[in-house]
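What the coordinates show
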Amino acid sequence: MTKKITTKVIPRSSRNEIVGELADGTLKVKLTAAPIDGAANEALITFLSKEWSIPRSSMSIIKGQRSKRKVIEIK
């Protein structure tokens, strides 16, 4: 079963945390990483995999690699 989650990432924050859910169901996530050379993307996958106890290999960004809005697929 595959699940897709839309996220809005706020990079360069003071800490990594899930802030909440926006009105359209998008998950708002703060990350300490800067959006340089994919660092924020890696930090997002690492953070969410630890937060939800899901292996990193089961998660991937399928849309929005260069955007604040990303779609994550969980297998």
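Description of the structure in this document.

Criteria and cut-off values
- The residue count restarts for each chain, going from 1 along the sequence in the order it is written.
- Whole-chain, interface and lining totals are the exception, using all residues; otherwise, since this is a predicted model, local features are given only for residues with pLDDT of at least 70 and side-chain atom pairs are given and counted only at 80 or more.
- Side-chain measures were taken over the full set of non-hydrogen atoms in the model, leaving aside hydrogen atoms and water.
- Any carboxyl oxygen of Asp or Glu within 4 Å of a side-chain nitrogen of Lys or Arg constitutes a salt bridge here.
- Burial classes follow relative accessibility: with a 1.4 Å probe on protein chains only, a residue under 20% of its type's maximum area counts as buried, one over 50% as exposed, and anything between as partly exposed.
- Each helix is a run of H or I in the DSSP string that is no shorter than four residues. Each strand is a run of E no shorter than two, and both are numbered from the N terminus.
- Strands are treated as partners if at least two bridges between them are detected by DSSP.

**Some remarks on the pattern of salt bridges**
This structure, assessed with the given rule, holds three salt bridges. Notably, a salt bridge pairs R15 with E17, separated by 3.5 Å at the nearest N-O pair. For E17, a relative accessible area of 23% puts it in the partly exposed group. R56 is the partner of E42 in a salt bridge, and the nearest nitrogen-oxygen pair spans 2.6 Å. You can see E42 sitting in helix 1 (residues 39–52) and its partner R56 sitting in the loop between helix 1 and strand 4 (59–63), a full 14 residues away along the chain. Judged by relative accessible area, E42 falls into the partly exposed class, the value being 47%.

**Some points on the pairing of strand 4**
Two strands pair when backbone bridges link them, and strand 4 and strand 5 (residues 69–74) are joined in this way by four bridges, in the antiparallel orientation. Paired with K63 across the two strands is V71, which belongs to strand 5. Where strand 4 hands over to strand 5, the hairpin turn is made up of five residues, of which G64 adopts a positive phi near 90°.

It is worth stressing that arrangement in space is one thing and function is another; only the former is reported here.
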